[in-house]
Amino acid sequence: MNLSTRAVATACAAAAIAGGVFLGEWGLLAVLVALVVAFAAGWAPLLGLPAPGGTFFVVLLPGLGALAAVHVTTTEPWLRYLPLVLAMGLLLSFTNELLRGDGRTRLVESLVGGVSGVVVAVSAAGWIAASKVPDGMALVLVCAVALAAASAVSATPLRGVLNSVATLVGAVAASVVVAYVLPELAPLDGVWAGAVAGILVSSLHMLFYRLPALRRRQAALAVIVLPVAMSGVLTYVVGRVLVA
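Residues numbered from 1 in each chain as written. Predicted model: local features only at pLDDT ≥ 70, side-chain atom pairs only at ≥ 80, totals over all residues. Heavy atoms only, no water.

### Notes on the UniProt feature "transmembrane region" (unreviewed entry) in the chain
Then, in step 1: The sites that UniProt annotates as "transmembrane region" (unreviewed entry) are residues 54-72, 78-99, 111-130, 136-154, 161-182, 188-208 and 220-243.
Then, in step 2: Secondary structure content for residues 136-154 is 100% helix and 0% strand, while the C-alpha to C-alpha distance between its ends is 27 Å.
Then, in step 3: Taken as a whole, residues 188-208 contains 100% helix and 0% strand, while its terminal C-alpha atoms sit 31 Å from one another. (UniProt positions renumbered as here; feature names shortened; annotations may be inferred. Helix = DSSP H or I, 4+ residues; strand = E, 2+ residues; numbered from the N terminus.)

Printed below as a string of structure tokens:
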């Protein structure tokens with residue numbers, strides 16, 4: 001899957017977050033469940049891990065557990081159960097390695113890959129937490145738009161530093177416009193959201209550019225969802241800064 005296709009798909013995933021928040025918590029939850037499943041399916045193929053079947057469940061179960069934990073939380077702090085879910089994910093990662101029957105080849109690589117996937121999958125729950133802060137719908141919308149814009153701009157023919165600068169500028173410009181339109185937010189709020197999205201997308205673009213594994217469609221799924229999932233907790237943090 002080429003860069004342009006992945007960028008468009010990431011932009012669509014971010015747009016799905018924006019659409020899901022309009023449908024309420026259940027709509028947003030449904031979108032995030034689909035994204036976590038897609039990420040879990042592609043993570044092991046992306047890294048070339050030796051036990052893809054076990055890694056799929058190692059990443060999937062904590063990711064879904066985090067979504068459920070934040071969804072049922074009714075009072076601040078919205079992320080108070082995430083450390084427990086993350087700890088259970090780490091335990092699951094070790095258990096997966098102990099149960100492997102292939103001689104446990106590349107043990108450290110497999111363990112680190114599983115743990116890193118758990119962290120990303122759990123981070124997706126931050127979108128639900130962000131939607132629960134004051135003016136949460138506007139916050140999720142502006143951050144999702146910034147992420148979609150950054151992903152779209154990153155697919156341009158520009159390379160290197162120019163691509164990173166264009167991605168950052170595009171994300172900030174889009175989020176400032178949305179923040180200006182929404183009465184709950186100020187244009188400066190859009191600068192925060194756009195800067196976070198632009199830096200994240202450009203960093204991941206440089207990290208995965210020319211990675212051979214991305215020729216496989218399943219591996220590309222993880223890269224498509226990765227910036228959206230990681231933006232969950234980042235969006236919540238931006239929201240707490242803006243509320244403060």
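### Structural notes on the nonpolar core
Then, in step 1: In terms of nonpolar packing, the biggest core is built from 70 residues, with I17, F39 and W127 touching the most fellow members.
Then, in step 2: In this structure W127 touches I17, L28, L32, V140, C143, A144, L147, V228, S231, G232 and T235, once residues within four positions along its chain are discounted. (Core = buried A, V, L, I, M, F, W, Y, C linked by side-chain atoms within 4.5 Å. Buried < 20%, exposed > 50% of the residue type's maximum accessible area, 1.4 Å probe, protein only. Contact = heavy atoms within 4.5 Å.)

### Some thoughts on the packing of helix α7 (residues 136-154) against helix α8 (residues 160-181)
Then, in step 1: The N-to-C vectors of α7 and α8 enclose an angle of 150°; their axes lie 8 Å apart at closest approach. With respect to α8, the element α7 is oriented roughly antiparallel. The hand of the α7/α8 crossing is right-handed. Contacts between α7 and α8 pair L141, V142, V145, A146, A149, A150, V153 and S154 from the former with N163, A166, T167, G170, A171, A174, S175, V178 and A179 from the latter.
Then, in step 2: Looking at the contact of α7 with α8 residue by residue, the classes come out as 12 nonpolar, five polar and no charged. (Axes fitted to C-alpha atoms, helices over the stretch in contact; angles between N-to-C directions. Parallel < 35°, antiparallel > 145°, perpendicular 65-115°, else oblique. Left-handed = near helix turned anticlockwise from the far one by under 90°. Nonpolar A, V, L, I, M, F, W, Y, C, P; charged D, E, K, R; others polar.)

### So, the pattern of salt bridges
Then, in step 1: Inspection of every chain in the model, using the stated rule, returns three salt bridges.
Then, in step 2: Among the ionic pairs, R100 bridges to E97, the shortest N-O distance being 2.8 Å. Comparing R100 with E97, the two get one shared label, buried.
Then, in step 3: Of the charged contacts, one joins E109 and R106 as a salt bridge, the two residues approaching to 2.8 Å between their closest N and O atoms. (Salt bridge = Lys/Arg side-chain N within 4 Å of Asp/Glu carboxyl O.)

### Re α7
Then, in step 1: If you check α7, its first and last C-alpha atoms are 27 Å apart, about what 19 residues at 1.5 Å a residue would give, namely 27 Å.
Then, in step 2: Most of α7 sits out of view: 15 of its 19 residues are buried. (Expected span 1.5 Å × (residues − 1).)

### Some remarks on unusual backbone geometry
Then, in step 1: Backbone torsion omega between E76 and P77 reads -10°, so that peptide bond is classified as cis.
Then, in step 2: Tracing the chain through its elements places P77 in the loop between α3 (52-72) and α4 (82-99).
Then, in step 3: In this structure, R106 takes a positive phi of about 50° despite not being glycine.
Then, in step 4: Here R106 shows up in the loop between α4 and α5 (107-123).
Then, in step 5: Here the phi dihedral of D135 falls at roughly 60°; this positive angle occurs in a residue that is not glycine.
Then, in step 6: With respect to the element layout, D135 can be found in the loop between α6 (126-132) and α7.
Then, in step 7: Exposure remark for D135: the relative accessible area of 43% places this residue in the partly exposed category.

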